[in-house]
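# Remarks on the overall topology
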There are 2 protein chains.
Amino acid sequence: MNQPLKLGIAGLGTVGAGLLQLLAEHGQQIGSNVGRGIEVAGVSARSRDKNRGVSLAGMEWFADAERLAVDPSIDVFIELIGGDDGIAKASVEAALKAGKHVVTANKALLARHGTALAGIAEKQRVALNFEAAVAGAIPVIKSLREALAANKVRRIYGILNGTCNYILTQMQEEHRSFADVLKEAQDRGYAEADPTFDIGGFDTAHKLTLLTSLAFGTRVAFDQVHIEGIEAVTQADIEAADDLGYRIKLLGVAQMTESGIEQRVHPAMVPKDSAVAEISGVTNCVAIDGDFCGNLLLAGAGAGAKATASAVASDIVDIARGKSPPPFGVPFSQLKPYKRAKLGQHQGAYYVRLSVYDRPGAMAGIAGRVGERGVSLESIVQRRPRGAQPGIDARPKPGSATPVILITHETTEEAMRGALAAILRDGHVAEKPQMIRIEPL
Amino acid sequence: MNQPLKLGIAGLGTVGAGLLQLLAEHGQQIGSNVGRGIEVAGVSARSRDKNRGVSLAGMEWFADAERLAVDPSIDVFIELIGGDDGIAKASVEAALKAGKHVVTANKALLARHGTALAGIAEKQRVALNFEAAVAGAIPVIKSLREALAANKVRRIYGILNGTCNYILTQMQEEHRSFADVLKEAQDRGYAEADPTFDIGGFDTAHKLTLLTSLAFGTRVAFDQVHIEGIEAVTQADIEAADDLGYRIKLLGVAQMTESGIEQRVHPAMVPKDSAVAEISGVTNCVAIDGDFCGNLLLAGAGAGAKATASAVASDIVDIARGKSPPPFGVPFSQLKPYKRAKLGQHQGAYYVRLSVYDRPGAMAGIAGRVGERGVSLESIVQRRPRGAQPGIDARPKPGSATPVILITHETTEEAMRGALAAILRDGHVAEKPQMIRIEPL
């Protein structure tokens with residue numbers, strides 16, 4: 001038996017406590033499988049006395065995470081503090097510079113400083129593992145870094161935020177409004193009091209940037225992500241999507257195009273009969289399209305103490321087994337600069353919901369604006385307002401507006417935005433058009 | 001740069017040619033990522049002159065795979081010959097004993113000799129990698145061996161045979177008979193001329209045994225699998241499943257129970273609105289339920305030259321990076337003996353399709369037989385024959401039989417089989433009852 005692997009865990013919130021529970025239950029078995037014991041030598045957190053439901057017996061207490069990070073008693077520093085700067089960043093840097101392996105679940109930190117940290121890790125010949133930073137227990141980091149290493153990835157996308165997927169699923173299944181479901185999610189603790197970070201798409205964007213770098217071998221480029229949240233998705237969109245054979249999901253998508261990489265986070269229509277459409281509630285998924293592997297889909301628990309602990313533990317197992325591929329799959333010196341594709345050049349089909357004034361010439365004007373940009377339509381549906389009687393209540397009242405749904409054939413984002421801006425200017429619509437991208441699966 | 005890693009490839013069929021294509025396209029990039037070149041030093045196949053669409057330039061030709069396996073010019077022996085004995089087994093054994101790492105896609109070989117081969121590999125301190133043996137490009141071996149190493153797996157199941165899933169999907173979507181779809185699949189090359197190996201469930205069973213050993217740390221036990229194929233699934237079952245909210249899939253399931261492990265391959269009803277139900281055509285999937293990771297689903301291309309080559313290449317990448325965890329995740333000495341649970345003790349719900357004679361007392365007799373075994377019913381549906389007019393054609397003709405569908409609550413296999421045997425003995429049914437297990441997802 002080799003020397004035991006000694007861990008220092010900084011941050012004993014939900015995930016930290018989950019990891020201690022996992023190690024208490026399976027630590028001995030893991031040690032026997034990997035051929036060396038796994039020991040928690042030291043821990044650090046804000047409060048020493050909080051009851052976490054796990055024993056800290058035999059673990060040295062560090063009031064200061066940075067001190068733990070460099071302590072000679074540890075081989076691996078496990079950062080579960082969170083935050084894209086401050087003590088998390090300082091302690092991870094300190095650990096790497098002191099020659100410690102680092103395991104972190106901190107997507108915000110890596111989205112901002114991942115490239116630089118990977119550089120330090122490589123120089124120090126230590127591991128920087130972050131399976132838990134994206135999609136919880138789903139082994140997507142390992143899959144990209146190792147299993148798909150022989151592929152040229154063309155596109156990767158996923159449902160990466162459980163809060164958003166829970167809200168959209170509830171809106172779909174229970175026909176409730178966004179605001180209503182959000183309120184309930186907050187009451188139940190599925191959404192934060194300030195939900196912007198989740199529902200605004202920023203959490204998804206953090207995770208997406210890490211997947212992008214792993215998929216394409218590029219430097220992490222969080223400031224190059226196009227981000228839209230789910231705030232503007234209405235029950236009318238959910239229903240129209242259902243009628244047309246789609247579900248609406250908040251996707252993070254990274255795609256290699258001829259002019260560069262698209263990184264985009266936005267609500268997207270996906271075919272109802274696809275496996276991705278069936279990913280409901282807080283479940284996450286990641287789909288990878290590679291030139292040899294074809295389309296892969298990985299799905300599972302994207303958050304939670306146990307799922308995240310499972311991912312952190314897998315990173316520890318890899319270190320115990322003595323292997324550490326480069327953090328982003330390719331050596332630091334080979335990470336390519338990020339080249340951003342213009343979103344205006346994005347090619348795809350679109351869903352558009354218009355609130356059209358009931359007056360002569362309105363539809364003709366709209367169709368003209370769409371046509372002059374070269375956008376061709378797959379379908380136009382003018383829906384009777386919900387609850388209205390056919391032919392009676394649906395008769396136009398002067399000045400009233402009717403919902404009209406357009407589905408386009410493939411076109412460019414630029415053409416689409418131009419057409420919608422013109423339609424809005426023409427005054428045929430009562431409100432800003434809703435536009436949702438249709439993502440081919 | 002380190003010494004290049006030298007490969008010997010035995011078997012240049014579809015997969016072998018796919019691997020050579022992958023290495024021709026991405027070999028240099030892979031070498032640069034892993035920090036050492038990847039070179040094909042030697043190849044072996046039945047015919048030297050066959051046009052495979054790939055160049056063999058610079059590769060030494062070996063007429064004898066066993067000679068290639070031990071040749072000093074290679075570091076890794078890649079067995080793509082197939083077959084559970086003969087030259088495949090002899091050459092893999094020879095390679096391991098000569099201290100070569102081995103990569104194989106051969107599930108039949110491993111299902112029969114996997115435990116013994118793992119023992120040799122460990123003794124020789126070399127890798128025995130077989131990502132391509134199960135579910136093609138889906139990184140399920142790596143996930144079990146590494147990513148989920150810190151979990152206690154409770155159940156693992158999957159759609160592991162593309163031919164069967166293609167046939168069942170076509171029966172579902174095009175309302176065609178088993179025989180009709182099978183014939184077409186054979187004509188298109190999706191099914192073998194002798195399809196028994198696929199449709200009889202044996203291929204699924206081979207793959208399942210490998211997943212079982214990885215999931216539970218047990219010796220490979222192919223002779224302990226309960227195997228049923230899809231031959232007996234009728235269009236009537238597919239339609240009834242659809243009405244009841246299910247799809248029928250051929251699953252391989254390994255489950256830890258109190259009395260041991262269940263390994264079973266059989267058609268199963270899965271809920272229509274699950275992601276597994278949406279796995280259609282030749283796609284494969286594997287679902288893993290672990291105590292910390294929760295439920296994970298991995299899906300993708302289960303066969304084909306490119307997908308399989310992707311998996312083989314990932315095994316090569318791991319070896320090039322210098323890592324070789326034990327073949328079945330735990331050291332050979334720790335592989336537990338396989339303890340089989342009695343299938344009679346299997347707990348689950350059942351779908352039963354009976355062809356009941358239209359005569360007084362038949363349904364009462366059937367209900368009595370079910371009840372006396374303690375089986376309670378969730379639903380009973382007597383379906384009007386397709387195309388029949390309500391109340392007219394459906395009127396019973398003397399001596400005719402009507403299809404009756406039963407869905408049970410959870411019970412044991414023993415109770416179920418006992419009840420059905422009694423029903424058959426009583427003479428109320430015109431043919432042997434159809435019984436399909438309902439698999440909870």
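The shown structure was predicted, so the numbers you read here are calculated from the model rather than taken from an experiment. (Residues numbered from 1 in each chain as written. Chains lettered and ligands numbered in written order. Predicted model: local features only at pLDDT ≥ 70, side-chain atom pairs only at ≥ 80, totals over all residues.)

Time to look at the overall build of chain A. For chain A, the count of helices and strands is 13 helices and 17 strands. What you see for chain A is a C-alpha radius of gyration of 25 Å, in line with the 22 Å of a compact globule of 441 residues. Its C-alpha atoms give chain A principal-axis dimensions of roughly 80 × 45 × 35 Å. For chain A, buried positions account for 54% of its 441 residues. (Helix = DSSP H or I, 4+ residues; strand = E, 2+ residues; numbered from the N terminus. Rg over C-alpha atoms; globule rule 2.2 N^0.38 Å. Buried ≥ 20, exposed ≤ 12 C-beta atoms within 10 Å, placed from the backbone.)

A separate point is the relation of the copies chain B and chain A. The operation relating chain B to chain A is a screw motion whose rotation component is 180°, with 0.0 Å of axial translation and a residual RMSD of 0.0 Å. With respect to symmetry, the two chain copies, as superposed, fit the operation of a two-fold axis. Comparing contact sets, 98% of the residues at the interface of chain B also lie at the interface in chain A, consistent with an isologous, same-surface contact. (Least-squares fit on C-alpha atoms with pLDDT ≥ 70 in both. Contact = placed C-beta atoms within 7 Å.)

All names here are of chain B. Residue placement: His266 occurs in strand β10 (residues 260-271). On the neighbour-count criterion, His266 (22 C-beta atoms within 10 Å) is buried. Taking the C-alpha atoms as reference points, His266 and Arg321, separated by 55 residues in sequence, lie 39 Å from one another.

All right, on to the interface of chain B and chain A then. Each partner contributes to the interface: chain B provides 50 residues, whereas chain A provides 49 residues. Of all the secondary-structure elements, those providing two or more residues to the side of chain B that touches chain A are α1 (14-34), α5 (140-147), β12 (294-301) and α11 (305-320) of chain B. Looking at the side of chain B that touches chain A, its residues break down into 25 nonpolar, 16 polar and nine charged. Where strand β12 (residues 294-301) of chain A and β12 of chain B come together, three bridges link them in antiparallel fashion. Along β12 of chain B, the bridge assignment pairs Ala299 of chain A with Leu297 of chain B. (Nonpolar A, V, L, I, M, F, W, Y, C, P; charged D, E, K, R; others polar. Pairing = 2+ DSSP bridges.)

Residue and element names in this part refer to chain B. Between its terminal C-alpha atoms helix α6 (residues 162-174) stretches 17 Å, which fits the 18 Å expected from 13 residues at 1.5 Å a residue. The element α6 is extensively covered by neighbouring structure, given that ten of its 13 residues are classed as buried. Among all positions in α6, only Gly162, Thr163, Cys164, Asn165, Tyr166, Ile167, Leu168, Gln170, Met171 and Gln172 are buried. If you follow the buried residues of α6, they end up packed against β7 (153-159), α7 (178-188), α8 (196-199), α10 (235-244), β9 (246-257) and β11 (283-290). (Expected span 1.5 Å × (residues − 1).)

Residue and element names in this part refer to chain A. What the domain assignment lists for chain A is domain 1 (2-133), domain 2 (140-301) and domain 3 (345-438). Put simply, the middle of domain 2 and the middle of domain 3, counted by C-alpha atoms, are 26 Å apart. Opposite the twelve residues of domain 2 that make contact, domain 3 presents eleven residues. Going through the elements one at a time, α10 (235-244) and β10 (260-271) are the ones with two or more residues in the side of domain 2 that touches domain 3. (Domains from an automatic or database assignment.)

What follows covers the sheet that holds strand β5 (residues 101-104) of chain B. Residue and element names in this part refer to chain B. If you trace the six strands from one edge of the open sheet to the other, you get β3-β2-β1-β4-β5-β6, paired in parallel fashion. Taken across any chain shown, the strands that pair with only one partner, and hence form the sheet edges, are β3 (60-62) and β6 (128-129). As defined by bridge partners, β5 adjoins β6 across two bridges and the pair is classed as parallel. Bridged to Val102 within β6 is Leu128. Across the sheet, α11 is in contact with β1 (2-10), β2 (36-44), β4 (76-79), β5 and β6; its angle to β5 comes to roughly 165°. (Axes fitted to C-alpha atoms, helices over the stretch in contact; angles between N-to-C directions.)

Note that soluble globular proteins tend to have their nonpolar side chains buried in a common cluster. Counting residues in each nonpolar core, the largest one holds 302 residues, and the members touching the most others are Ile167, Leu211 and Val312 of chain A together with Leu211 of chain B. Once you skip the residues sitting within four places of it in the chain, Leu211 of chain A turns out to touch Val134, Val140, Leu144, Ile156, Ala254 and Val286 of chain A. (Core = buried A, V, L, I, M, F, W, Y, C linked by C-beta atoms within 7 Å.)

Before going further, it helps to spend a moment on the pairing of strand β11 (residues 283-290) of chain A. All names here are of chain A. Counted residue by residue, β11 has seven buried out of eight residues, so it is predominantly covered. Pairing of strand β7 (residues 153-159) with β11 involves six bridges; the strand directions are antiparallel. Paired with Arg155 across the bridge in β11 is Asp289. Sheet topology note: the β11/β12 ladder contains eight bridges and is antiparallel. Bridge pairing in β12 links Asp289 to Asn295. Counted between consecutive antiparallel strands, the loop separating β11 from β12 contains three residues.

Right, let's get into the pairing of β7 of chain B. Residue and element names in this part refer to chain B. Buried residues dominate β7, accounting for five of its seven residues. Relative to β9, β7 runs antiparallel, the two being bridged by four bridges. Opposite Ile156, over in β9, you have Ala254 as the bridge partner.

All names here are of chain A. Judged by pairing direction, the sheet is parallel, and its six strands sit side by side in the order β3-β2-β1-β4-β5-β6 without closing on themselves. The open sheet has two edge strands, β3 (60-62) and β6 (128-129), and neither has a second partner. By the bridge criterion, seven bridges tie strand β1 (residues 2-10) to strand β2 (residues 36-44) in an arrangement that is parallel. Its bridge partner lying in β2, Leu5 is registered against Ile38. On top of the sheet, helix α1 (residues 14-34) reaches β1 and β2; it is set at about 160° to β2, its chief contact.

This next bit is on the packing of helix α5 (residues 140-147) of chain A against α5 of chain B. Two packed helices can be described by the angle between their axes and the distance between those axes. Remark: α5 of chain A packs on α5 of chain B, axes separated minimally by 11 Å, with the N-to-C direction vectors making an angle of 115°. In this structure, α5 of chain A crosses over α5 of chain B, and the sense of that crossing is right-handed. Where α5 of chain A approaches α5 of chain B, its residues Lys142, Glu146 and Ala147 of chain A are matched on the opposing element by Lys142, Glu146 and Ala147 of chain B. Of the residues belonging to the contact of α5 of chain A with α5 of chain B, the class tally is two nonpolar, no polar and four charged. (Left-handed = near helix turned anticlockwise from the far one by under 90°.)

Counting all residues, the mean pLDDT for chain A is 94, and 96% of those residues have values of 70 or more. For this predicted complex, the interface score ipTM comes out at 0.94, while the overall pTM is 0.95. (pLDDT = per-residue confidence, 0-100.)

Residues and elements named next belong to chain A. Contact geometry of α1 with helix α11 (residues 305-320) gives a least axis separation of 9 Å together with a crossing angle of 40°. In terms of axis orientation, α1 runs oblique to α11. Once α1 is placed against α11, the crossing between them reads as right-handed. Contacts from Thr14, Val15, Ala17, Gly18, Leu19, Gln21, Leu22, Ile30 and Val34 in α1 reach Ala305, Lys306, Thr308, Ala309, Val312, Ala313, Val317 and Ala320 in α11. Of the residues assigned to the contact of α1 with α11, the class counts are twelve nonpolar, four polar and one charged. (Parallel < 35°, antiparallel > 145°, perpendicular 65-115°, else oblique.)

Now for the environment of Arg321 of chain A. Secondary-structure assignment places Arg321 of chain A in the loop between α11 and β13 (347-357). As for Arg321 of chain A and Val286 of chain A, which are separated by 35 residues in sequence, their C-alpha atoms are 27 Å apart. The residues touching Arg321 of chain A, leaving out its near neighbours within four places in the chain, are Val34 of chain A together with Lys323 and Pro325 of chain B.

This brings us to helix α9 (residues 202-216) of chain B. If you check α9 of chain B, its first and last C-alpha atoms are 21 Å apart, about what 15 residues at 1.5 Å a residue would give, namely 21 Å. For α9 of chain B, the tally of buried residues reaches 14 of 15 residues, placing the bulk of the element in the interior.

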